[in-house]
Each structure stands twice: as structure tokens, then as C-alpha cells.
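Close look at the chain arrangement
What follows is each chain in one-letter form.
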Amino acid sequence: MRYIFPFNSSATNVYMLIAITMSYISFPIMAFLVVHTACVFLGVPTHNTQFSAATAFLLVGIYSIVGAITMYIGYFKRKNKR
């Protein structure tokens, strides 16, 4: 799991937990913007540009949701063990 979600192990206190959660929220938005900008720059038709950007948002969004959930589960498991 640590290879799939490398940020989760650095959540050692509440502030890092909040910071990593905010980065997980921004990842899908950044993926949407990057893919949309690249498609427009390359001259991809509008329909394909919208589809590609929406697909990138969806896939990265799913990755971010799963990453945030596993981060919270791991953080509270470690906190309860102490």
C-alpha cells in the first residue's frame, strides 16, 4: 500500500493529516486542468478534450478518495495503538 499511496506514511500529526487531505482534494482538479490544457494546445477536438479531461478527473478523483480513506484509517489505527 505504501507504494501506491506514498503520502500516507507522512501523516504523523493532525496538521500533516489536514495538509495531505487538501492535496488529495486538489489532485483531481489539477489533473483536469492539465489534461484540458494539453488537449487544447495539441488541437484535439472539443468533444474529445472534454471527455479526456473528465476521465482524468474521475480516475484521479477515485485514486484520491481511496488514498484519503486509507490515510485516515492508518492514522487512527496508529493513534489508537499509542
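Up top is the structure these notes are about.
What counts, and at which threshold
- Residues numbered from 1 in each chain as written.
- Predicted model: local features only at pLDDT ≥ 70, side-chain atom pairs only at ≥ 80, totals over all residues.
- Heavy atoms only, no water.
- Helix = DSSP H or I, 4+ residues; strand = E, 2+ residues; numbered from the N terminus.
- Expected span 1.5 Å × (residues − 1).
- Bend = angle between axes of the 7 residues up to and from the residue.
- Buried < 20%, exposed > 50% of the residue type's maximum accessible area, 1.4 Å probe, protein only.
- Contact = heavy atoms within 4.5 Å.
- Phe/Tyr/Trp six-rings, centres within 6.5 Å; stacked < 30°, edge-to-face > 60°.
- Axes fitted to C-alpha atoms, helices over the stretch in contact; angles between N-to-C directions.
- Parallel < 35°, antiparallel > 145°, perpendicular 65-115°, else oblique.
- Nonpolar A, V, L, I, M, F, W, Y, C, P; charged D, E, K, R; others polar.
- Polar contact = N/O pair within 3.5 Å; in protein donor to acceptor, adjacent residues only side chain to side chain.

With that out of the way, let us pick up helix 1 (residues 14-42). Within an α-helix, residues lying three or four positions from one another point in the same direction, as the helix has 3.6 residues per turn. The end-to-end C-alpha distance of helix 1, which contains 29 residues, comes to 42 Å, matching closely the 42 Å that a straight helix rising 1.5 Å per residue would cover. At Ser26, helix 1 shows its maximal kink, close to 30°; a proline, Pro28, follows between one and four residues later. Here helix 1 has its buried residues at Leu17, Ile20, Thr21, Tyr24, Pro28, Ala31 and Cys39. Check the buried side of helix 1 and you find it contacts helix 2 (46-81). Looking one or two residues past helix 1, Gly43 carries a phi angle of roughly 80°, positive in sign.

What follows concerns the packing of aromatic side chains. For the structure on display, the rule yields four aromatic pairs. Ring plane angle 25° and centroid distance 6.2 Å describe the contact between Tyr72 and Phe76, whose orientation is recorded as stacked. With a gap of four residues between them, Tyr72 and Phe76 both fall in helix 2, about one helical turn apart. Ring geometry for Tyr75 against Phe76: centres 5.2 Å apart, planes inclined by 75°, an arrangement best described as edge-to-face. Its relative accessible area of 6% is what places Tyr75 among the buried residues. Linked through ring pairs, Tyr72, Tyr75 and Phe76 together constitute an aromatic cluster.

Turning our eyes to something else, we now look at the packing of helix 1 against helix 2. Where helix 1 meets helix 2, the axes come as close as 8 Å, and the angle between the chain directions of the two elements is 170°. Taken together, helix 1 and helix 2 sit at an angle that is classed as roughly antiparallel. Tallied by class, residues from the contact of helix 1 with helix 2 come to 22 nonpolar, seven polar and no charged.

On to helix 2. Taking 1.5 Å of rise per residue, 36 residues should cover 52 Å, and helix 2 covers 52 Å from first to last C-alpha, within 8% of that figure. Here helix 2 has its buried residues at Thr49, Ala53, Ala56, Gly61, Ser64, Gly67, Ala68, Met71 and Tyr75. Looking at the buried positions of helix 2, the neighbouring elements they touch are helix 1.

We now examine the side chain of Asn8. The residue Asn8 is located in the segment before helix 1 in this model. Engagement of the side chain of Asn8 in a polar contact is seen with the backbone oxygen of Gly67, the distance being 3.3 Å. Of note is the side chain of Asn8, whose polar atom sits 3.0 Å from the side chain of Thr70.

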